Amino acid sequence: MIRLSREIRFALVPVLSEAEHKPMNSWAGWPSTNLVVPQLTLRCELEGDVDESTGYLCNIKIVDELLRAVVLGSLIPKFDGTQTAEAMIQTVHQEMIAKWTPKAKLAALSLELSPFLSYSIVCEDNMKSVIQLTQQFEFSAAHRLHCDELSDEENRAVFGKCNNPNGHGHNYVVEVTVARNVDSAEGQVIPLNEF
């Protein structure tokens, strides 16, 4: 069994006409805009066995077309600035499940609001799904490298500036994920201010 991940990027802006929003650089995002609006990433993860005749798990064009159809058909037209990310990823999930025809299993869908905040739906085998909120946090911490068994001179020789009596610092990033069953509750996984 292998796992395949595909992602599309898009601006949450009304598509005015095909000519104005012709896909020129889908890697950078399409529809694209210079307006200050949400720029999102939608990721789909598939899993299954490789088709022996094609050598593919799934034709990625089908995946990309389905993701774009949901974005252009449901997310963008309904966007008025009041939708939550949880509601958006659930819309994507429902539409992908309804339209999914490839043999590969739809394993997960993720909507990235920024490099630091994302919402995902993990599709489990028993037809129940889990919605996840993942956010990164940064913190700083200091420590000193020092062995009591060594003299001060030996500590300085072994640990150099890391033996500073006042310590030295590092910045750390921790990624935290919380989850709930999709069907278990309405609304948010957890309010961000509580998270």
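What counts and what doesn't
Residues numbered from 1 in each chain as written. Predicted model: local features only at pLDDT ≥ 70, side-chain atom pairs only at ≥ 80, totals over all residues. Heavy atoms only, no water. Pairing = 2+ DSSP bridges. Helix = DSSP H or I, 4+ residues; strand = E, 2+ residues; numbered from the N terminus. Axes fitted to C-alpha atoms, helices over the stretch in contact; angles between N-to-C directions. Parallel < 35°, antiparallel > 145°, perpendicular 65-115°, else oblique. Left-handed = near helix turned anticlockwise from the far one by under 90°. Contact = heavy atoms within 4.5 Å. Phe/Tyr/Trp six-rings, centres within 6.5 Å; stacked < 30°, edge-to-face > 60°. Buried < 20%, exposed > 50% of the residue type's maximum accessible area, 1.4 Å probe, protein only. Salt bridge = Lys/Arg side-chain N within 4 Å of Asp/Glu carboxyl O.

Undergrad: I'd like a description of the pairing of strand S3 (residues 105–114), backed by residues and values.
TA: Alignment of strand S2 (residues 39–48) against S3, held across seven bridges, turns out to be antiparallel. In the sheet register, Glu 45 faces S3, and the bridge partner there is Ala 108. Of the strand pairs in this sheet, S3 and strand S4 (residues 117–123) are connected by six bridges, and their pairing is antiparallel. Residue Ser 114 lies in a different strand from S4, and its bridge partner there is Leu 117. The turn linking S3 back onto S4 is made up of two residues.

Undergrad: Before we move on, could you go through the packing of helix H1 (residues 60–78) against helix H2 (residues 85–99) and cite the residues and values that matter?
TA: For the pair H1 and H2, the least separation of the axes is 10 Å and the interaxial angle reads 125°. When the interaxial angle is binned, H1 and H2 end up oblique. Between H1 and H2 lies a crossing whose hand is right-handed. Residue-level contacts link Leu 66, Leu 67, Val 70, Ser 74 and Leu 75 of H1 to Met 88, Thr 91, Val 92, Glu 95, Met 96 and Lys 99 of H2.

Undergrad: An account of the packing of aromatic side chains is needed here, citing residue identities and associated values.
TA: One pass over the full model with this rule turns up two aromatic pairs. Between Phe 137 and Phe 195, the ring centres sit 5.7 Å apart and the planes meet at 65°, which makes this aromatic pair edge-to-face. Residue Phe 137 is found in strand S5 (residues 129–143), and its partner Phe 195 is found in the segment after strand S6 (168–181); the two are separated by 58 residues along the sequence. With relative accessibility at 33%, the residue Phe 137 sits in the partly exposed group. Classification of Phe 195 by relative accessible area gives partly exposed; the value is 22%. Taken together, a centroid distance of 5.4 Å and an interplanar angle of 20° make the contact between Phe 139 and Tyr 172 stacked.

Undergrad: Got a sec to walk through the pattern of salt bridges? Specific residues and values, please.
TA: Per the counting criterion, the structure on display carries nine salt bridges. Measuring nitrogen to oxygen at the nearest pair gives 3.8 Å for the salt bridge that ties Lys 105 to Glu 47. Of this pair, Lys 105 sits in strand S3 while Glu 47 is found in strand S2, placing the two residues 58 residues apart along the sequence. We classify Lys 105 as partly exposed; its relative accessible area is 25%. In this structure Glu 47 comes out as buried when scored by relative accessible area, which is 19%. The partner of Glu 95 in a salt bridge is Lys 99, and the shortest N-O contact between them spans 3.5 Å. You can see Glu 95 and its partner Lys 99 sitting in helix H2, four residues apart, about one turn around the helix. Residue Glu 95 is classed as buried on the basis of its relative accessible area of 17%.

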